[in-house]
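# Coordinates in review
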Amino acid sequence: MPGNGIHRRRALQGIGVGAAGLLAGCLGGGDDDDEIHVLTDFDGDDWENHWDDVLIPAWEEQSDVPIEVEYTGFQGTGEQRLATLMQSGDAPEFYHATTSEIGDLINQGLTRQVDDVVDDLEDEWGDALFKYTLQPMTGDRDDETHSIPHGVYVGGCFNYRSDVYEALDLEVPETWDELLANAEAIDEAGGDFEEMRGFGIPGQPDGKAGSDFSNWLYNSGGDVWQENGGDIELWFDEEHVMPVLEMLEELAEYSPDPSSLNWSETIEYWIGGRFGQCFMNNAWLCGPTIGTPAEPIGLATEQALIPTRDGADPITRGWVLVNGTPIIEGSSNPEEAGDFKRLMYGADHHVDVSLVEPMRFIPPYEDIIEDEEYRSAEVFEMHDGAFLAKNEYIMEELVPEMDSPEVVSSPETLHVQTFDIQAQMVNRLLVDDNDADDVYEWGVDQYEDRWEQVNQQADY
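Residues numbered from 1 in each chain as written. Predicted model: local features only at pLDDT ≥ 70, side-chain atom pairs only at ≥ 80, totals over all residues. Heavy atoms only, no water.

## Side note on the sheet that holds strand S3 (residues 94-95)
- Across the sheet, 3 strands lie side by side as S2-S1-S3; this open sheet has parallel pairing. Looking at which strands have only one partner, the edges of the open sheet turn out to be strand S2 (67-71) and S3.
- As paired strands, strand S1 (residues 36-40) and S2 are joined by 5 bridges and run parallel to one another. Paired with Thr 40 across the two strands is Tyr 71, which belongs to S2.
- Docked against the sheet, helix H3 (residues 45-60) engages S1 and S2, running at close to 160° with respect to S2. (Pairing = 2+ DSSP bridges. Helix = DSSP H or I, 4+ residues; strand = E, 2+ residues; numbered from the N terminus. Contact = heavy atoms within 4.5 Å. Axes fitted to C-alpha atoms, helices over the stretch in contact; angles between N-to-C directions.)

Right, dumping it as structure tokens:
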């Protein structure tokens, strides 16, 4: 997702190597030629049981190549671990991420083309949804696929507590001013909502703060890049960025401490009733409540389009990305890794895989969400299908406003995204209390410097 994770550059700086060292380490090949090394943030009890009890035994029935699953968190620790492995010449076969999280690898030619695997899976499940988000999208190679789909992230979702809205007589906001008014009303409500804040703004310098910022920027009418005469140029203009910074400052008055919030904490705070509105991918906030005392909160969590700035004309209302699996060039068993992915996402297993975290991910092929096994899963039959309805609402009502193949993208722009510039801007603004004008100028300087660097490193 845009801006998510701690970039490998920072981890590599800590051990004294740069892009050249990363490239050399990766192409050196892995140390263990007898296994498929999986680096993944698909962890927790449900995932670990699925790896150990279902996927690995199924693989062992058809292959002698062992699987090593290494679990890592999804707030930067995975990217750090990947950097260490690649620099040491022990690259894992694959790592679960969106293209915006592995843009540096794509730009430096460190990911394999995986069209053969995706073609086989499309034969089983129909067309891959939003396939363009798995492709670098540049020149005459724009149809090369560099990641095997796992699940859809719809990042432009405004989440709100419908029970709180009903109790306070609030309406779903369409503009930033209306959103701010709702945040103030929730924050000052008292009574049953005495401990609830009006909005949750993440302010850590990596991860969710950058993902959210990209949605604010889109709904301000801007973007980072634009195409001019066939060339890509920086378009991070004051007209669209400064209103975002000003809105964040205003909204932070009604938020828990932004320095305390990232992906995991947002979920925890939501379940604990700490705030009544936020941005989040999909209906992910609902998933952890299922089967717990917090389930009524999940049922009351609704999704809508992110409000727009007054007078803005957005090119898109948010972002849609497919989380997937790049197969890393220079790993020991890339062909076997492709075969494992055919098994994991093939006819016997993809529905089950999609149901491990049914609200975090929406299935990435057009036929799965209509598959009877998927739709009749216990989680989707409870409460008269309320949770399935949330996934369907997002795909049918929200995604058409966000599906934007025309948004400018290239290996180089993907690479720049991995530097967490926007998340660091939010952190400087809300945590370090820097002046908004200074934060904006810092961000522009960062984009200009990184753009020059990644073009020098490009080897796609």
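## Brief notes about the pattern of salt bridges
- In the structure shown here, the tally under the stated rule is 15 salt bridges.
- The salt bridge involving Lys 131 is made with Glu 122; its shortest N-O contact spans 3.2 Å. With respect to burial, Lys 131 and Glu 122 carry one shared label: buried.
- The closest approach of N and O atoms between Asp 163 and Arg 161, which form a salt bridge, is 2.9 Å.
- For Asp 163, a relative accessible area of 31% corresponds to the partly exposed category.
- Judged by relative accessible area, Arg 161 falls into the buried class, the value being 7%.
- Through salt bridges with shared partners, a single network forms among Asp 116, Asp 120, Asp 339 and Arg 342. (Salt bridge = Lys/Arg side-chain N within 4 Å of Asp/Glu carboxyl O. Buried < 20%, exposed > 50% of the residue type's maximum accessible area, 1.4 Å probe, protein only.)

## Let's talk about helix H20 (residues 436-457)
- Between its first and last C-alpha atoms H20 spans 31 Å; for 22 residues at 1.5 Å apiece the expected length is 32 Å, and the two agree.
- All of the buried residues along H20 are Ala 436, Val 439, Tyr 440, Trp 442, Gly 443, Val 444, Gln 446, Tyr 447, Arg 450 and Val 454.
- Where H20 starts, the residue carrying a side-chain oxygen 3.0 Å from the main-chain nitrogen of Asp 437 turns out to be Asp 435. (Expected span 1.5 Å × (residues − 1). Polar contact = N/O pair within 3.5 Å; in protein donor to acceptor, adjacent residues only side chain to side chain.)

## As for the packing of aromatic side chains
- A full pass over the atoms with the stated rule returns 23 aromatic pairs.
- Taken together, a centroid distance of 5.5 Å and an interplanar angle of 75° make the contact between Phe 42 and Phe 361 edge-to-face. Within this pair, whereas Phe 42 is found in the loop between S1 and H3, its partner Phe 361 is found in the loop between helix H14 (350-354) and helix H15 (372-375), the two being separated by 319 residues in sequence.
- With a centroid separation of 6.3 Å and 50° between ring planes, the pair formed by Phe 199 and Trp 216 is classed as tilted. Residue Phe 199 is found in the loop between helix H8 (176-187) and helix H9 (208-219), and its partner Trp 216 is found in helix H9; the two are separated by 17 residues along the sequence.
- According to the relative accessible area criterion, Trp 216 is buried, its value standing at 2%.
- A connected cluster of aromatic rings, assembled from ring pairs, spans Phe 42, Trp 47, Trp 51, Trp 59, Phe 94, Tyr 153, Trp 263, Trp 284, Phe 340 and Phe 361. (Phe/Tyr/Trp six-rings, centres within 6.5 Å; stacked < 30°, edge-to-face > 60°.)

## Concerning helix H10 (residues 238-251)
- Helix length check: H10, at 14 residues, gives a terminal C-alpha distance of 20 Å against a target of 20 Å (1.5 Å per residue), a fit within 8%.
- Within H10 the residues assigned to the buried category are His 240, Val 241, Met 242, Pro 243, Val 244, Leu 245, Met 247, Leu 248 and Leu 251.
- In this fold, the buried residues of H10 make contact with H8, H9, helix H19 (421-430) and H20.

## So, the sheet that holds strand S5 (residues 157-161)
- Taking strand neighbours across the sheet as the criterion, the 3 strands line up as S8-S5-S9 in an open arrangement whose pairing is antiparallel. The open sheet is flanked by strand S8 (277-279) and strand S9 (301-305), the only strands paired with a single partner. Between one strand axis and the next, the sheet turns through 30° on average, direction left out of account.

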